[in-house]
Each structure stands twice: as structure tokens, then as C-alpha cells.
Amino acid sequence: MPYEDRKNRTCGFLDIEDAGSGRFLRRYFILDTQANHLIWYMDNPQNLPRGTGAVGSLKLTYISKVSIAAAKQKSKLTHCFVINALSQRYFLQASDPKDLQDWVDALNSASKITVPRPGSAQAPEIQSIGSESQEKKSQTAYKTEIIAGVVIQTPISQNGCECPPEVIRHEVTPHTPLRRSHSLMPQFIKKPTSSICALKSGYCVKQGNMRKNWKRRFFVLNPFNISYYKCETDREPLRCILLRDILKTHECLVKSGLIVLRKCTVG
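Here the structure is a predicted model, which means the values were calculated and not measured.

Could you clarify how one ought to interpret the overall build of the protein chain in this entry?
The helix and strand inventory of the protein chain stands at two helices and 15 strands. Classification of the 267 residues of the protein chain by burial places 27% in the buried group.

Have a look at this one:
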């Protein structure tokens, strides 16, 4: 049965199926949640020569599901379970039913995506400098004129008279059209503030565009767009998609080799 070593890593022996021959080989497994890896050696590293490396490894973030193997998958084997990772399956065999259940629970717990509770991790409040002066400015009416290509704003008092020279100047530059790119996000898109009410937010797992691996991202949906961030406290999104550009949203069909045992998937 698996045990915890001094580094709080889950360790023990399992039999893993060799991809080439199909035979099950005895290996020593270490489940290291700190390093985010499942590693296996020829034997216990304490019994191996110093510097001997692992014979295999698997990132925990690549694991989508760990379950007991069905009878039709490995009918001649007992205490067998399967690890689904990306487009590959790893079949392993434990020594007894308790060993089997302990490994399945430990792997599922280590690869499970945890979403923080609302309010547990809040972004620090940032007080803007000069907010009082900005509020006073917002209450003041301005007369706007364009003179010689320069925008001039002149404050107007409540009785309708123009106040002397507090003039704000903005130089007018020719407008250059921007070409939209799917790979590059416009720089002016910011994280939705309190002025834009978020309809829904939370963590999801998305597949990469170029590299087809799955990554955990924080999504925010507002009435205008849907954007995602690397984590909840980030201020700049990794990408933002305008709702008006979305033609259709539907649940993806699970097909062998494309999306392996990923539930609740949309495209």
C-alpha cells in the first residue's frame, strides 16, 4: 500500500503497462504534489546508485481522470486502474483492493482542480491619488473647442460664465486604423471594474490554441466580452473575446484522440 515519506510524498510499488510490449513492469512510484509530477523509477531511489534518474514521469496538470479499469479493458488482470492524460492512457496494477483504492484517491486528489471560495483571495484595494480632485472636475461643466487642431476645454461656472484659464489641451493626432489579430490582444482591454458588472466568473480549464495542452484559467463574463486571466488577482487578461464576435457556443462531442474523457467541454 502507498505510504508518505519524509517529504510528504506518496510512494509505493505498482505495475505499469509497457507501451511497446504490453507487459506490466514493476516500478517504484513517487507522487510529488509540490513538484506537480508523478515519477517512477526502476526501484526505490534509496536502493539505486546515486544520480540514477527516473524512467518515466507525468505532470499532474495533464491528468484529467483516474478510475478503476473496466473489465472489458483489462479482463485478465485484477486491481487495475487507468490514468487518462491528454490523448494517452496509462494502465497500472496494484497489489490488492485497498492499495488500488488508495492510489486512485491519492491521484485524483492531487490532480483535482481547486477553485478558491468567493472572498478567500481578494485583490488589494488600490486608492487612486487625486480622486477628490477628479470628482470635483466631473461636477464641472466644460466648453470644448477645436482650434488649430488642438482640443481646448474651458471650465464654465454655474452662472454660465467662462472661468479664466484653466485650459486642458490635447493634441489631435491622425487616427491610424488598427488591424485586429486573433493571436494578439488589444492593449486597451482592462480587467472589468466595478463599473462593468460581471455576469459570471470562475476557474475553467481551457485547451491551448497552438499546444493542445489543458491549462487552468480564471474566466470573467460581462455584458460585452468574455476574458480570461492566469489567476484571479491578475489585472491584465491573457485574452478577451467580444461577445458580438461569437457566432455559436455548443457542447463539444467527445471523440477519441481529440478530447479524451473531458466532461463539460464547450466550443
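There's plenty left to go through after this.
Hey, could you run me through the pairing of strand S2 (residues 10-17) in this one?
In regular strands, side chains alternate between the two faces of the sheet. Across the eight residues that make up S2, a large majority, six, are buried. Both strand S1 (residues 3-4) and S2 contribute to a ladder of two bridges, which runs antiparallel. Bridged to Glu4 within S2 is Thr10. Hairpin geometry of S1 and S2 is characterised by an intervening segment of five residues between the two adjacent antiparallel strands and by a positive phi of about 60 degrees at Asn8. Relative to strand S3 (residues 24-32), S2 is paired through eight bridges, and the arrangement is antiparallel. By the bridge assignment for S3, Gly12 is matched with Phe29. Count of turn residues in the S2/S3 antiparallel hairpin: six residues, of which Gly22 carries a positive phi of about 80 degrees.

Explanation requested: the packing of aromatic side chains in the structure shown.
Where two aromatic rings form a pair, the distance of their centres and the angle of their planes describe that pair. If you walk through the whole model with that rule in mind, you get six aromatic pairs. With centroids separated by 6.3 Å and ring planes inclined at 65 degrees, the aromatic side chains of Trp40 and Tyr90 adopt a geometry described as edge-to-face. Taken together, the positions of Trp40 in strand S4 (residues 37-41) and Tyr90 in strand S8 (residues 88-93) put the pair 50 residues apart, joining distant regions of the chain. Accessibility assignment for this pair places Trp40 and Tyr90 in one class, buried.

Help me out: how do you make sense of the sheet that holds strand S13 (residues 214-221) in this one?
Strand pairing in a sheet relies on backbone hydrogen bonds, with the paired strands running either antiparallel or parallel. Here four strands make up an open sheet; going across it, the order is S12-S13-S14-S15 and the pairing antiparallel. Every other strand in the sheet has two partners, leaving strand S12 (200-207) and strand S15 (239-242) as the edge strands with one partner each. Sheet twist, expressed as the average angle between the axes of neighbouring strands with direction ignored, equals 30 degrees. Here S13 pairs with strand S14 (residues 225-229) via four bridges, running antiparallel. Bridge assignment links Leu221 to a residue of S14, and that residue is Ile226.

Looking at this structure, how should I read the side chain of Asn44?
By the element assignment, Asn44 lies in the loop between S4 and strand S5 (56-59). When near neighbours in sequence (up to four residues on either side) are disregarded, Asn44 contacts Tyr3, Phe13 and Tyr28.

What's the story with the pattern of salt bridges in this structure? I'm lost.
Once the charged atoms of two side chains with opposite charge are near each other, the side chains can pair. Applying the stated criterion across every chain, the model contains three salt bridges. Across the pair Arg9 and Asp5 runs a salt bridge, and its minimum N-O distance is 2.8 Å. A single burial state applies to Arg9 and to Asp5, both of which are buried. For Arg26, the salt bridge is made with Asp15, and the minimal N-O distance between the two is 3.4 Å. In this pair, Arg26 is assigned in strand S3 and Asp15 in strand S2, connecting sequence segments eleven residues apart. According to the relative accessible area criterion, Arg26 is partly exposed, its value standing at 42%. You can call Asp15 buried: its relative accessible area is 16%.

Can you help me understand the pairing of S5 in this one?
Along S5, the buried face is formed by Gly56 and Leu58; none of Ser57 and Lys59, which line the opposite face, is buried. Both S4 and S5 contribute to a ladder of four bridges, which runs antiparallel. Note that in S5 the partner of Trp40 across the bridge is Gly56.

Sorry if this is basic, but what is going on with helix H1 (residues 97-111) here?
An α-helical turn contains 3.6 residues, so any two residues separated by three or four positions project in the same direction. If you check H1, its first and last C-alpha atoms are 21 Å apart, about what 15 residues at 1.5 Å a residue would give, namely 21 Å. Burial in H1 covers these residues: Asp99, Leu100, Trp103, Val104, Ala106, Leu107 and Ser111. The buried residues of H1 occupy an angular sector of 170 degrees when projected down its axis, which confines them to one face. Among the structural elements, S2, S3, S4, strand S6 (63-68) and strand S7 (80-85) are those in contact with the buried residues of H1. Among the residues of H1, the N-terminal cap falls to Asp96, whose side-chain oxygen and the backbone nitrogen of Lys98 are separated by 3.1 Å.

Explain the environment of Lys7 to me, please; I cannot follow it from the model alone.
For Lys7, the location among the structural elements is in the loop between S1 and S2. With 25 residues separating them along the chain, Lys7 and Asp32 place their C-alpha atoms 8.7 Å apart.

Basis of the calculations
- Residues numbered from 1 in each chain as written.
- Predicted model: local features only at pLDDT ≥ 70, side-chain atom pairs only at ≥ 80, totals over all residues.
- Heavy atoms only, no water.
- Helix = DSSP H or I, 4+ residues; strand = E, 2+ residues; numbered from the N terminus.
- Buried < 20%, exposed > 50% of the residue type's maximum accessible area, 1.4 Å probe, protein only.
- Pairing = 2+ DSSP bridges.
- Phe/Tyr/Trp six-rings, centres within 6.5 Å; stacked < 30°, edge-to-face > 60°.
- Axes fitted to C-alpha atoms, helices over the stretch in contact; angles between N-to-C directions.
- Contact = heavy atoms within 4.5 Å.
- Salt bridge = Lys/Arg side-chain N within 4 Å of Asp/Glu carboxyl O.
- Expected span 1.5 Å × (residues − 1).
- Arc of directions from axis to C-beta.
- Polar contact = N/O pair within 3.5 Å; in protein donor to acceptor, adjacent residues only side chain to side chain.

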